[in-house]
Amino acid sequence: MKKVAIVAYEACWAMSVYLAKDFFRIVSLLEQHQNHPQSYDVKILSNDGGHVCSSSGSVIVPEGHFDGAKYDIVIIPPIEGIQLSNMPPSSKVIIDWLSLQIKHSPIVISLSTAAYFLVATGKCDDKQWATHWAFAKQLKKLFSTAEFVTDKPYIRNDNIYATSTFEAGIDVLLSIVAKDKGDRFSQKCATHLLVAEPHKLSPILPKYLEHDDANVLAVQDWITLNSSQNIKIIDLANKFNFSERNLKRRFLLAAGISINKYTQEIRLDKAKKLLLTTDKSVKEISLEVGYENDSFFTRLFKKNTGTTPSNWRQSI
C-alpha cells in the first residue's frame, strides 16, 4: 500500500486539500466495489498535527504530523498568492520536511503557487515549473534561478510535478492511478469526477505531453478539442504555420508518436469515457468520436485494448 501525505498549513487553500483527499476516497470506493485491495493510505498532515486555519478561514483537521516516515506520494496545496511575500512560520518546517522526502524520490505534486515550496528546498531551483499565471512574476522575484511558466497545465521533472491549474491537479492524479492500477480503473475514476460532458474530460495520456515544444503542444490541444473532425495533416500544418513535413517531424520528435496515432489515442480515450457514462451504442459512440465506420472503430479499439468496446464496457 502506498502512503500519501497531503500537506496542510496556515493560509493554504482548503479546497485543494480536500480535492486530493476526496480523489483518493473515490479510488478507495471503486476498489471496494471491484473487490480490489486498498492501494493508498492517505493522511492530511500538518506541522504538529494541530488544526490549521486555511486561506478562507475554515479549519482543517489533520490526521497526523510531520515525522520521519517516508511517503510515496506528497501533495502540496497552493497558498493564497498574497502570502508569498510573507510566508507563515510553518513554511520553514514544510520546506525542511519536503527536502527530506525528496531524498527518498517520492512522487511530489505541487498545486499552483505551492511551486514555492519545491524551489525553496534548493533542490529544484534550476528547473522549469508550472504555477498560477497571476503569481509567476512574484515567484521569479523570490527565486531568480528558477523558471516559472503559466502556459502549460503541468510540468514534470523526474518524479516531481508542478501544476498551474485546478484541473491539472486532477489530471496528474489520474495519470498516477493509471500507472498504478491501469487504464480501465483510471477511466472509471475520471468518469466519477465528472464536471463536464464525458467527451470533454481531459484524456489520460500524459506521456505524450511531457515535452517543451510549445508549438506542438498547441497542435495537441487543438486535436484534443476537435478530434471528432476529419483531421488532415496538411490542414493542421497550414493552421499552425508548419510545412507538412516539418510538422510530422516536430510532432514525432516532441510527443514520441505520430499525429495520426495521437489522434487515434485521443478518440479511443473519449470513447472509453462514453462507454462508461452513457448507454449509447457502439455505432453511436464511433460516430461521436470521429469514425463513420463502426467496424473499423471496433477493430481499432480491440487492437488498442485487447477486447471489443462492448466487452470493455461490460468488464468494468
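Details of the structure are given in the entry above.
Thresholds applied
- Every residue gets a number counted from 1 within its own chain, in the order that chain's sequence is written.
- The predicted nature of this model means local features are confined to residues of pLDDT at least 70 and side-chain atom pairs, given and counted, to a pLDDT of 80 or more, with totals for whole chains, interfaces and linings taken over all residues.
- The side-chain quantities take in all heavy atoms of the structure and omit both hydrogens and water.
- Being paired, for any two strands, means DSSP has found at least two bridges between them.
- Strands are runs of DSSP state E lasting at least 2 residues, helices are runs of H or I lasting at least 4, and numbering of each runs from the N terminus.
- In what follows, residue pairs with any heavy atoms lying within 4.5 Å of each other are defined as contacts.
- Fitted lines through C-alpha atoms serve as axes, helices being fitted only where they are in contact, and the angles separating the N-to-C directions of these axes extend from 0 to 180 degrees.
- Here the term patch refers to residues with relative accessible area over 30% and no salt bridge, with like charges joined within 9 Å and nonpolar side chains (Val, Leu, Ile, Met, Phe, Trp, Tyr) within 5 Å.
- The Shrake-Rupley method, run with a 1.4 Å probe sphere, supplies the accessible areas, and residue values consider only the shown protein chains as cover.
- Throughout this description, the term salt bridge denotes a Lys or Arg side-chain nitrogen within 4 Å of a carboxyl oxygen of Asp or Glu.
- When accessible area is computed with a 1.4 Å probe and restricted to protein chains, residues below 20% of their type maximum are described as buried, those above 50% as exposed, and intermediate ones as partly exposed.
- Aromatic pairs are defined between Phe, Tyr and Trp rings, using the six-membered ring for Trp, whenever the two ring centres lie within 6.5 Å; interplanar angles under 30 degrees are classed as stacked, those over 60 as edge-to-face, and all others as tilted.
- In this scheme, Lys NZ or Arg CZ marks a charge over a ring once it lies within 6 Å of the ring centre and within 35 degrees of the ring normal.
- By nonpolar core we mean a set of buried residues, namely Ala, Val, Leu, Ile, Met, Phe, Trp, Tyr and Cys, connected to one another through side-chain atoms within 4.5 Å.
- Crossovers are marked right-handed if the path from the first strand over the helix to the second runs clockwise, as seen with the strands pointing away from the viewer.
- Expected helix span is given by 1.5 Å per residue-to-residue step, counting one fewer step than there are residues.

1. Quick notes on the sheet that holds strand 5 (residues 64-65)
- Read from one edge of the open sheet, seven strands run 5-2-1-6-7-11-10, paired in mixed fashion. The sheet is open, and its two edges are formed by strand 5 and strand 10 (154-157), each paired on a single side.
- In terms of strand pairing, strand 1 (residues 2-7) meets strand 2 (residues 40-46) through six bridges, oriented parallel. When the sheet's bridge partners are listed, Lys2 is paired in strand 2 with Tyr40.
- Along the sheet, helix 2 (residues 90-103) contacts strand 1, strand 2, strand 6 (73-76), strand 7 (107-111) and strand 11 (160-163); its crossing angle with strand 6, the most-contacted strand, is approximately 150°.

2. Looking at a nonpolar patch on the surface
- A cluster of nonpolar residues, Trp13, Met15 and Phe166, forms a patch on the protein surface that exposes about 310 Å² of accessible area.
- Position of Phe166 relative to the elements: it lies in helix 5 (residues 166-181).

3. Things to note about the pattern of salt bridges
- Overall, the coordinates contain eight salt bridges when judged by the stated rule.
- The partner of Arg250 in a salt bridge is Asp213, with the nearest N and O atoms 2.7 Å apart. One end of the pair, Arg250, is in helix 9 (residues 244-255); the other, Asp213, is in the loop between helix 6 (183-192) and helix 7 (214-226), with 37 residues separating them in the sequence.
- A salt bridge links Asp269 to Lys273; the shortest N-O distance between them is 2.5 Å.

4. What about unusual backbone geometry?
- The phi dihedral of Asn35 is positive, around 60°, even though this residue is not glycine.
- As for its position among the elements, Asn35 is in the loop between helix 1 (14-33) and strand 2.
- Since its relative accessible area comes to 70%, Asn35 is described here as exposed.
- Located in the positive-phi region is Ser105, a residue other than glycine, with phi close to 60°.
- Relative to the assigned elements, Ser105 resides in the loop between helix 2 and strand 7.

5. With respect to the environment of Ala8
- Structurally, Ala8 is set in the loop between strand 1 and helix 1.
- Residue classification places Ala8 among the buried positions, given a relative accessible area of 2%.
- Once the C-alpha coordinates of Ala8 and Leu45 are considered, the two residues, 37 residues apart in sequence, prove to be 5.8 Å apart.

6. Side note on the packing of aromatic side chains
- Overall, the coordinates contain 14 aromatic pairs when judged by the stated rule.
- Centre to centre, the rings of Tyr291 and Phe296 are 5.6 Å apart; their planes meet at 55°, and the pair counts as tilted.
- The exposure class of Phe296 is partly exposed, given its relative accessible area of 34%.
- Here the aromatic rings of Phe301 and Trp312 are separated by 6.0 Å at their centres, their planes lie at 80°, and the arrangement is edge-to-face. On the criterion of sequence distance, the pair formed by Phe301 in helix 12 (residues 294-305) and Trp312 in helix 13 (residues 309-315) is long-range, its members being 11 residues apart.
- A relative accessible area of 0% places Phe301 in the buried class.
- You can call Trp312 buried: its relative accessible area is 1%.
- The ring of Tyr71 has Lys3 sitting right over it, with the charged end atom 4.9 Å from the ring centre.
- Directly above the ring of Tyr291 sits Arg267, whose terminal nitrogen or CZ lies 4.8 Å from the centroid.

7. A closer look at the nonpolar core
- Formed by 70 residues in total, the largest nonpolar core has its most connected members in Phe23, Ile75, Ile109, Phe117 and Phe148.
- When residues of this core are assigned to their parent elements, the largest contribution, nine residues, is made by helix 1.
- Once residues lying within four places of it in the same chain are set aside, the contact partners of Phe23 are Ile170, Leu173, Leu174, Val177 and Leu193.
- Formed by 17 residues, the second largest nonpolar core is a distinct cluster that contains Val216, Val219, Ile231 and Ile266.

8. With respect to the pairing of strand 7
- Summarising burial for strand 7: five of the five residues are buried, a large majority.
- The two faces of strand 7 match: Ile107, Ile109 and Leu111 on one face and Val108 and Ser110 on the other face are all buried.
- Across four bridges, the pairing between strand 6 and strand 7 is parallel. Residue pairing across strands places Ile75 opposite Ile109, the latter belonging to strand 7.
- As for the winding sense of the linkage, the β-α-β connection from strand 6 through helix 2 to strand 7 is right-handed.

9. Thoughts on helix 2
- Relative to the 20 Å expected for 14 residues at 1.5 Å per residue, helix 2 spans 21 Å between its end C-alpha atoms, a close match to the ideal helical length.
- When we look at burial in helix 2, the residues that qualify are Ser90, Ser91, Ile94, Ile95, Trp97, Leu98, Ser99, Gln101 and Ile102.
- The inward-facing, buried residues of helix 2 abut strand 1, strand 2, strand 6, strand 7, helix 3 (115-120) and strand 11.
- Looking one or two residues past helix 2, Ser105 carries a phi angle of roughly 60°, positive in sign.

By themselves, these observations are geometric and do not establish any function.
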